Structures are given as C-alpha cells and as structure tokens.
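A look at the structure
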Amino acid sequence: MTATALRAALAAGGLALGAVTVILSRSVPEEPVDYAHIVVYIGISWSFISAGLVAWRGRPKNPVGVLLVAAGLVRFSSQIGWWGNGFAELVVGLGRNFFLALVAHVIVVFPAGRLRSGLERMIVAAAYALAILGYVVPNAFDDGWTPNVLFVYASPTAVTVLGDLFDIAAIVIALLLVALVVARWRNGSRPARRALAPLILTAPLACVVAAAALAHDELGVSFTRPVDAALGWGGITTAMIPLALLVGLLRTRLHRSVVADLLVRLERSADPSDVRQALAETLGDPSLELAFPLASGAACVDEHGNTVELPAPGGGRALTNLSDNGRTVAVLIYDPFLLEEPELVAAAASAARLTLENTRLQAELRAQLVEVRASRARIVVAGDSERRRLERNLHDGAQQRLLGIRLALSLARSHAGDAAEVEGLLAEAEQELQDALEELRALARGIHPARLTDEGLRAALAALARRATIPVKVAAPPGRLPTAVEQAAYYVASEALANVAKHAAASHAAVTVTQSNGALVVEVVDDGSGGADAANGTGLRGLRDRVEALDGRLDLASPVGGGTRLRAELPCA
Amino acid sequence: MATTVLIVDDHAVFRRFAHRLLEADGFDVIGEAADGSSAVELARALRPQVVLLDIVLPDVDGFAVADSLAAAAPSSSVVLTSSRDADDFGERLHHTSARGFIHKHDLSAARLWALIEAA
C-alpha cells in the first residue's frame with residue numbers, strides 16, 4: 001500500500017469514526033444528546049487527523065504528522081466504551097490516556113521530529129508509561145464498576161491513593177512540558193524561535209488547561225466558578241495544537257513574498273557582497289555564513305576572500321551546497337533549525353544563485369588578492385632575511401680572511417728584519433687573499449649568477465651542476481628566454497640542488513629543462529631519501545612565490561624513501 | 001714577566017694571527033677559545049691577565065661572556081673586539097663590565113696596552 005493510499009484510508013477511517021461517534025451518542029437512551037460537546041469532541045479528533053495527514057504528506061520523513069494522525073484516531077476510540085463491553089472499556093481508558101501521551105510526544109519532538117536529550121526521552125517515556133500504568137494499576141483494585149476486566153483485588157483505598165498519585169504524576173508531566181517548551185523558546189536562536197512559534201503559542205496553554213482540568217475533575221481541586229466552567233471546554237485548547245503545528249510545518253507559501261523581496265533587493269544591490277546580509281535577513285538567521293569553493297578546489301573563502309573552514313558534520317551548523325551544472329557555486333552555513341524550512345532555504349538560495357555566482361567570482365578574485373598580498377609580504381621578508389644572511393656571510397667569511405691578511409701584513413712589517421719569517425708570513429697572506437677572493441666570488445655568484453646573464457640558462461645550469469657535491473646530469477635546450485623566466489628556472493634548479501646537498505642523501509640528481517605548449521618546464525629529480533615538505537622551509541616557499549609571480553606553478557613530489565621530484569612550469573609565450 | 005692573554009673568537013684565522021701578533025709584541029698568549037662557554041672555563045682555569053673577547057660568538061654574545069668572566073675570573077681585564085663597528089653595539093658598549101673595545105681592524109699590542117693601562 002502506498003503512503004498516499006494509506007493516508008486516504010486513514011482519512012476515510014477518521015470520517016467514519018466521526019460518524020460512528022454521532023450514531024453512538026444517540027444510542028444511549030438515558031442520557032440527553034449534548035451536541036455541543038459532540039461537535040467539540042469530533043472537532044478535536046478531526047483537527048489532529050487532518051493536520052497530521054497534511055503534515056505527513058508535506059514532510060514524509062518527519063514523524064510529527066504520523067503522531068498527530070495517531071493521536072486523532074486514538075482519541076476516537078474512547079467512544080467505543082458506550083457499548084458496555086469490558087474490553088471496550090479497557091480500550092476507552094487506555095485510548096484516552098494514550099491520546100495525551102501522543103500529544104506530549106508531539107510537543108516534545110516538534111518541529112524536527114527527533115528526541116534531542118535524555119530529559120526529552122525521559123518525559124516521553126514517562127508519558128507512555130503513565131498512560132498504561134495510570135489506567136491499569138488503579139483499576140486492578142476497583143470493583144466499583146462492571147465489567148472491569150482488569151479487576152484483581154478489591155481495595156477502595158488503593159484505588160483512591162494510586163489514582164491520585166498517577167493524576168499528580170500526569171499534572172507534573174504537563175507542567176514539565178510547559179517548562180520544556182518555554183526553556184527551548186528562551187534559549188533558542190532566531191530561526192529556532194520562529195520554528196517553535198506555533199508550539200509556544202498553543203502548547204503551554206493547552207498543558208496548563210489539561211493539568212487544571214485533571215486537578216479539578218480527578219483531585220477535586222476547585223478554582224473560581226467561571227474557571228471550573230471553562231475547564232469543561234478546555235479540549236478546545238488541545239485542538240489548537242495540531243492546527244498551529246501544521247501552519248508551522250507548512251509555511252512555504254508564506255515565504256513566497258519574502259523570497260520575492262529578496263530578488264528585488266538583490267537586483268537593486270550594486271554590491272554583490274551584500275548577498276550574505278540579504279540572505280541572512282530573508283532566512284531570519286543572523287549567523288548565516290557563505291563559503292565559496294575556489295576554482296582550484298584547494299579551499300573555501302568567504303565573500304571577502306578570506307579562507308574559511310567548513311564546519312564538520314554534526315558540529316551544530318547546517319550546510320547546503322548550491323550547485324550549478326554539477327559545480328558547487330556556494331555553500332550556505334546556517335542554524336540547523338532552518339532545516340525545518342527546507343523550502344524557504346531552497347527558494348532563497350535559488351533566488352540568490354546568480355548573485356552568488358557573481359559573489360563567488362568576486363570572492364575568488366579577492367582571495368587571489370589576499371594571496372598576492374601575502375606572497376608580496378613573504379617576498380619582502382625573504383629579501384630582508386637574504387640581506388641579513390649576506391651581511392653575516394660577509395662578516396664571517398671574506399671579512400675575517402681579509403682581517404687575517406691585515407694582521408699577517410702587520411706581523412710581516414714587525415719582522416722585516418727576519419727574511420725567512422717575512423717570507424712565510426707573506427705566503428700565508430697570499431693564501432688568505434686567495435681564499436678571500438674565492439669566497440667573494442662565490443658570494444657574488446650566490447647573489448646573482450653572472451653566467452646566466454652572459455650565456456643563458458644552459459651554461460648557468462651546467463656550471464651549477466659542476467659545483468654540486470654529487471653528480472648532476474643537466475639537459476636543457478640552447479637559446480635564450482625572457483630574463484625573468486631564465487632566472488626563475490635557474491633558482492628552481494639551484495634551490496633544489498642545494499636542498500639535495502643538504503637533506504636528500506642522494507647519489508645522483510638530474511636537471512631537465514623542456515619547452516612545451518608555451519611553457520618552460522624545469523624538473524629536478526634526485527634518488528635520495530624523499531620526505532620533503534613544501535610547507536616547510538623558506539627556500540621552497542620563496543621559489544613558489546617566484547614561480548607564481550610569473551603565473552607558473554610549482555609541484556613537489558617527495559614520498560619518504562622515494563626520492564624527490566620538484567617541477568616548475570613557467571609560462572613563457 | 002709577560003702579560004698573559006686568552007683569545008676568544010670563533011674564527012681560527014683571526015685567533016692564529018692575533019696570537020702571533022700579540023706574542024711578537026711581548027704578550028704571552030696562554031689559551032684560545034672558540035665560544036663563550038669554553039672561554040669562561042678556560043679563564044677560570046688559566047687566570048689570564050687579559051681576555052681578548054670577540055662580541056659575536058656562536059653560543060652567547062661577548063657582553064654576556066664579559067659578565068660571566070667578571071665573576072669567574074675577576075682579576076682578568078676583558079677587552080672586547082669585533083669586525084663590526086662600535087656603533088653597531090650602541091649603548092651596550094657603554095654599560096659593559098669589559099675594560100674597552102678594539103675594532104679587529106685596529107688590533108695591535110699598543111692598542112691593547114693602552115686600554116689595559118688606562119684602567
């Protein structure tokens with residue numbers, strides 16, 4: 001049986017039970033027919049059944065609809081007792097109690113349909129337990145009416161005491177429900193309050209009325225006369241619950257105008273970054289955030305281009321991906337209470353899709369700017385640290401050697417009379433001078449390779465390979481390229497070989513330069529220990545900046561134990 | 001008796017020539033150290049009359065070493081030296097416990113004597 005057929009059958013059953021109720025009410029000859037109460041009575045049941053059926057159809061996965069239908073049908077069952085049958089009486093008594101337990105269940109789980117805490121589970125379990133025990137236990141001691149199929153042992157005291165205890169327990173549960181609803185309302189976010197509005201408007205009143213009616217009817221508590229009289233009609237407050245909840249669950253149509261306003265607002269807005277604010281206001285969730293996946297797929301950014309982390313599933317935030325042709329345009333991050341209004345979220349997101357695509361493009365642009373700014377800052381920092389390194393090298397290397405020469409010459413002068421001593425000192429001074437010149441040359445080469453400027457990349461790479469501490473094979477095309485490309489390619493090879501010497505423990509390395517599709521590809525491969533991490537070390541970071549400054553890309557593959565492959569692609573069209 | 005000297009510098013070239021330069025002019029170089037901590041140990045053991053102390057050292061800087069020496073070998077006169085200009089060290093040179101500062105370029109026995117005797 002399909003769900004539609006089942007709902008149709010239940011609707012028919014509800015109507016039939018209404019008709020049966022009217023017929024039965026006329027079949028008790030000794031009592032006058034109280035049409036007003038019959039109308040209220042049937043009205044309550046039908047309000048539950050009809051609201052439940054509509055909610056069920058609109059939200060098939062949400063159990064609130066089914067619970068409402070069940071409550072309505074169960075309530076009708078209390079009519080059967082007029083047949084004067086013992087089992088029918090049992091059904092009547094249990095039915096009346098189960099109706100209240102089902103209503104309590106609905107109040108606790110609305111709107112999501114789930115039990116969220118131990119307290120909520122306890123309240124619902126207590127309501128069902130009370131529904132059964134509150135009827136079965138006192139009647140086991142009650143011989144005051146027939147036919148009582150539950151009767152075991154006659155004890156009027158037990159009937160009174162136990163009955164009163166269960167009634168008090170029911171009143172406590174009713175008041176707990178009031179406290180629960182009010183607390184959820186008070187602690188709720190704006191979307192949560194909007195979702196809870198139908199409940200806060202009806203459930204506390206109905207619970208208080210039901211508790212008062214119980215106190216009045218069963219425990220003999222007297223209020224003022226008008227209140228006592230009004231309690232006889234208290235069921236009406238219960239009937240309002242399903243209708244209000246139905247409105248709450250199916251507000252979609254009411255959202256249409258809100259979404260239309262959003263469209264107008266987005267059209268008027270010159271600044272697409274306003275879209276977050278507009279969506280937040282439309283959905284009534286000030287905490288709403290937007291995340292735009294970058295085209296590279298590497299990260300998400302907000303509308304300002306700053307990197308954002310998507311919250312983990314189950315982390316107290318709800319996510320909706322907005323896709324266009326299978327590609328995620330934006331991710332909405334919002335209060336999970338909005339999950340109760342999927343149509344609103346979908347409609348608003350759909351209305352904002354075009355603007356969101358624009359915002360995504362702008363966010364991507366901003367993200368690039370953010371990265372460019374960071375990259376520029378890193379270049380400056382790297383430049384500064386490089387200057388410091390040069391200064392230290394000059395002090396510790398060349399300058400110390402020249403100082404040595406100065407001291408040696410000073411000594412030679414003081415030994416001018418001793419020819420052998422002077423000769424030895426001059427020889428040392430010459431050696432020191434030689435070393436100093438070597439170091440200065442190396443230093444100058446490190447600052448800028450003259451060979452690269454004079455003879456091009458192939459010659460400079462060959463010289464670099466000759467100076468390397470391990471055998472390095474170089475393959476590069478002849479000819480000249482744009483200076484910036486040659487320099488970037490040279491520094492990629494030079495930094496990679498420096499890293500090979502420092503960290504890789506390799507026996508061989510190869511530098512291969514090729515040209516394809518208007519790009520120069522530099523690959524440096526070694527057979528060392530691998531495990532290099534591009535995120536570590538300023539050298540590789542600096543290289544990436546240099547390569548990306550030319551719109552190129554740098555890739556590092558360095559599995560532990562599997563050698564290292566550094567590949568730079570430099571557009572040079 | 002010749003004045004005893006401990007030379008502290010992380011550059012072997014400088015130590016070698018300073019050693020010979022000072023000995024040629026009548027000092028007695030009784031030890032060499034390449035960093036601050038071994039300088040303090042050597043000074044405590046050898047009790048040199050003069051410690052020629054480089055400011056830029058690999059472990060601690062010369063100012064800190066001078067303070068340690070003031071406690072470890074209070075009889076030693078500490079003279080700071082560096083290949084950097086005195087300006088590079090600013091106020092620290094004025095507040096040091098060392099006797100004075102000689103730029104490495106200007107190192108000679110005469111300059112060293114002048115500083116020691118000025119005290």
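About the thresholds
Residues numbered from 1 in each chain as written. Chains lettered and ligands numbered in written order. Predicted model: local features only at pLDDT ≥ 70, side-chain atom pairs only at ≥ 80, totals over all residues. Heavy atoms only, no water. Helix = DSSP H or I, 4+ residues; strand = E, 2+ residues; numbered from the N terminus. Buried < 20%, exposed > 50% of the residue type's maximum accessible area, 1.4 Å probe, protein only. Areas by Shrake-Rupley, 256 points an atom, 1.4 Å probe, with all protein chains shown as cover. Contact = heavy atoms within 4.5 Å. Axes fitted to C-alpha atoms, helices over the stretch in contact; angles between N-to-C directions. Parallel < 35°, antiparallel > 145°, perpendicular 65-115°, else oblique. Left-handed = near helix turned anticlockwise from the far one by under 90°. Nonpolar A, V, L, I, M, F, W, Y, C, P; charged D, E, K, R; others polar. Pairing = 2+ DSSP bridges. Buried area = accessible area lost by both parts, 1.4 Å probe. Salt bridge = Lys/Arg side-chain N within 4 Å of Asp/Glu carboxyl O. Polar contact = N/O pair within 3.5 Å; in protein donor to acceptor, adjacent residues only side chain to side chain. pLDDT = per-residue confidence, 0-100.

**Some remarks on the overall build of chain B**
- Per the secondary structure count, chain B includes five helices and five strands.
- When the helices and strands of chain B are read in sequence order from the N terminus, they spell out β-α-β-α-β-α-β-α-β-α.
- Burial status across chain B gives 50% buried among its 119 residues.
- When the accessible surface of chain B is totalled, it reaches about 5,300 Å², and 50% of it is carbon and sulfur.

**Regarding the overall build of chain A**
- Scanning chain A for helices and strands turns up 17 helices and ten strands.
- A burial count over chain A gives 41% of its 573 residues as buried.
- Put simply, 64% of the contacts in chain A that link residues at least 6 apart link residues at least 24 apart.
- When the accessible surface of chain A is split by element, carbon and sulfur atoms take 61% of a total near 29,500 Å².

**Remarks on the packing of helix α6 (residues 156-187) of chain A against helix α7 (residues 190-217) of chain A**
Residue and element names in this part refer to chain A.
- Two elements in contact, α6 and α7, have axes separated by 9 Å at closest approach and are oriented at 160°. Classified by the angle their axes make, α6 and α7 are roughly antiparallel. Remark: the crossing between α6 and α7 carries left-handed chirality. Within the contact between the two elements, α6 uses Asp167, Ala170, Ile171, Ala174, Leu175, Leu177, Val178, Val181, Val182, Arg184, Trp185 and Arg186 and α7 uses Arg193, Leu196, Ala197, Leu199, Ile200, Pro204, Cys207, Val208, Ala211, Leu214 and Ala215.
- Residue classes in the contact of α6 with α7 are distributed as 19 nonpolar, no polar and four charged.

**As for the pairing of strand β4 (residues 318-324) of chain A**
Residues and elements named next belong to chain A.
- Summarising the sheet, β4 and strand β5 (residues 327-334) pair through seven bridges and their orientation is antiparallel. Of the residues in β5, the one forming a bridge with Ala318 is Tyr334.
- Counting the residues that bridge the hairpin from β4 to β5 gives two residues, and of these Asn325 lies at a positive phi of roughly 55°.

**Looking at the interface of chain A and chain B**
- With 19 residues of chain A in contact, the opposing surface of chain B contributes 15 residues.
- The three residues of chain A that bury the most area against chain B are A:Gln400, A:Leu407 and A:Leu411, which together make up 33% of that side's buried surface.
- At the boundary of chain A with chain B, the tally comes to three salt bridges.
- The salt bridge involving A:Glu428 is made with B:Arg16; its shortest N-O contact spans 3.5 Å.
- Between the two partners, chain A and chain B, sit seven residue pairs in polar contact (both at pLDDT 80 or more).
- Counting only elements with at least two residues in the side of chain A that touches chain B, the list comes to α12 (342-414) and α13 (419-447) of chain A.

**Some details on the confidence of the model for chain B**
- The predicted model of chain B averages 90 in pLDDT, with 99% of residues at 70 or higher.
- For this predicted complex, the interface score ipTM comes out at 0.78, while the overall pTM is 0.51.

**Details of the sheet that holds strand β7 (residues 509-516) of chain A**
Residue and element names in this part refer to chain A.
- Read from one edge to the other, the open sheet built from five strands follows the order β6-β7-β8-β10-β9, with strand pairing classed as mixed. Of all strands in the sheet, those bounded by a partner on one side alone are β6 (472-475) and β9 (553-557). Direction aside, neighbouring strands of the sheet carry axes that sit 10° apart on average.
- Two elements, β7 and strand β8 (residues 519-526), share eight bridges in a ladder whose sense is antiparallel. Along β8, the bridge assignment pairs Thr514 with Val521.
- Relative to β8, helix α16 (residues 483-504) is tilted by about 10°, and along the sheet it contacts β6, β7, β8, β9 and β10 (564-571).

**Side note on the sheet that holds strand β1 (residues 4-8) of chain B**
Residues and elements named next belong to chain B.
- Read from one edge to the other, the open sheet built from five strands follows the order β2-β1-β3-β4-β5, with strand pairing classed as parallel. Each edge of the open sheet carries a strand with a single partner, namely β2 (28-33) and β5 (100-103). Direction aside, the axes of adjacent strands within the sheet are offset by 25° on average.
- The pairing of β1 with strand β3 (residues 50-54) spans four bridges and is classified as parallel. For Leu6, the partnering residue across the bridge sits in β3 and is Val51.
- Where helix α1 (residues 12-24) meets the sheet, it contacts β1, β2 and β3, and its direction lies at approximately 170° from that of β2.
- Here helix α2 (residues 36-46) sits on the sheet in contact with β1 and β2, set at roughly 145° to β2.

**A look at the pattern of salt bridges**
- Tallied over the full model, the rule gives 16 salt bridges over all chains.
- As a salt-bridge pair, A:Glu289 and A:Arg317 come within 3.1 Å of each other at their nearest N and O atoms. Of this pair, A:Glu289 sits in strand β1 (residues 289-293) while A:Arg317 sits in the loop between β3 (307-308) and β4, placing them 28 residues apart in sequence.
- In this structure A:Glu289 comes out as partly exposed when scored by relative accessible area, which is 37%.
- Between B:Arg16 and A:Glu432 there is a salt bridge whose closest N-O contact spans 3.7 Å. One end of the pair, B:Arg16, is in helix α1; the other, A:Glu432, is in helix α13, on a second chain.
- Judged by relative accessible area, A:Glu432 falls into the buried class, the value being 5%.
- Connected through shared salt-bridge partners, A:Arg401, A:Glu428, A:Glu432, A:Asp435, B:Arg16 and B:Arg20 make up one network.

**As for unusual backbone geometry**
- Of note, A:Asn517 is a non-glycine position whose phi angle comes to about 50°, a positive value.
- On the secondary structure map, A:Asn517 appears in the loop between β7 and β8.
- Take A:Asn517: its relative accessible area is 81%, and that puts it in the exposed class.
- Of note, B:Arg47 is a non-glycine position whose phi angle comes to about 50°, a positive value.
- Take B:Arg47: it is sitting in the loop between α2 and β3.
- Residue B:Arg47 is classed as partly exposed on the basis of its relative accessible area, which comes to 43%.

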